[in-house]
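So the chains spell out like this:
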Amino acid sequence: MSEETLLAFERINELLDYYGALLTDNQKSMMEAYYRYDLSLSEISEQFSISRTAVSDALKTSIKKLEHYEATLSLVKSQHQLQEKLQKIKEADAPIKAKLIDALLEELAHGI
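## As for the environment of tyrosine 19
Part 1 of the argument: Tracing the chain through its elements places tyrosine 19 in helix α1 (residues 3–19).
Part 2 of the argument: Its relative accessible area of 1% is what places tyrosine 19 among the buried residues.
Part 3 of the argument: Spatially, the C-alpha atom of tyrosine 19 lies 9.6 Å from that of valine 76, the residues being 57 residues apart in sequence.
Part 4 of the argument: Polar contacts involving the side chain of tyrosine 19 include one to the main-chain amide nitrogen of leucine 75, which spans 3.0 Å.

Okay, here's the thing in structure tokens:
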């Protein structure tokens with residue numbers, strides 16, 4: 001698997017963590033089967049008694065929904081930004097650390 005494919009799988013799994021509950025039960029199950037458990041389209045189609053094309057279409061539809069939720073809510077993006085800020089705080093020297101913590105607390109108070 002290429003690095004690009006791995007990054008795409010990682011992104012989809014992250015979106016699934018945040019927004020998976022907003023999918024239908026079948027969509028979520030298919031997404032998990034394919035992206036988390038590495039089942040093939042054929043294996044999933046047998047499990048759900050549908051065609052491989054139907055599985056492929058369901059996966060594409062689910063990905064579009066997950067991307068739409070992220071575009072609307074930005075939970076994953078916000079989490080990444082928060083992790084970056086926390087890492088900067090962790091790596092900063094003591095005088096700078098206090099200023100970074102104050103800045104982060106200010107942002108949190110205003111709903112980043």
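## Brief notes about the pattern of salt bridges
Part 1 of the argument: For the structure shown, the criterion picks out 4 salt bridges.
Part 2 of the argument: Measuring nitrogen to oxygen at the nearest pair gives 2.3 Å for the salt bridge that ties arginine 36 to aspartate 17. Linking arginine 36 in helix α2 (residues 25–36) with aspartate 17 in helix α1, this pair joins segments that are 19 residues apart in sequence.
Part 3 of the argument: Take aspartate 17: its relative accessible area is 56%, and that puts it in the exposed class.
Part 4 of the argument: Connected through shared salt-bridge partners, Asp17, Glu32 and Arg36 make up one network.

## Structural notes on the packing of aromatic side chains
Part 1 of the argument: With the rule as written, the count across this model stands at 5 aromatic pairs.
Part 2 of the argument: Ring geometry for phenylalanine 9 and tyrosine 34: centres 6.0 Å apart, planes at 40 degrees, overall tilted. Linking phenylalanine 9 in helix α1 with tyrosine 34 in helix α2, this pair joins segments that are 25 residues apart in sequence.
Part 3 of the argument: Residue classification places phenylalanine 9 among the buried positions, given a relative accessible area of 17%.
Part 4 of the argument: Looking at tyrosine 34, the relative accessible area reads 24%, which means it is partly exposed.

Conventions adopted
- Residues numbered from 1 in each chain as written.
- Predicted model: local features only at pLDDT ≥ 70, side-chain atom pairs only at ≥ 80, totals over all residues.
- Heavy atoms only, no water.
- Helix = DSSP H or I, 4+ residues; strand = E, 2+ residues; numbered from the N terminus.
- Buried < 20%, exposed > 50% of the residue type's maximum accessible area, 1.4 Å probe, protein only.
- Polar contact = N/O pair within 3.5 Å; in protein donor to acceptor, adjacent residues only side chain to side chain.
- Salt bridge = Lys/Arg side-chain N within 4 Å of Asp/Glu carboxyl O.
- Phe/Tyr/Trp six-rings, centres within 6.5 Å; stacked < 30°, edge-to-face > 60°.

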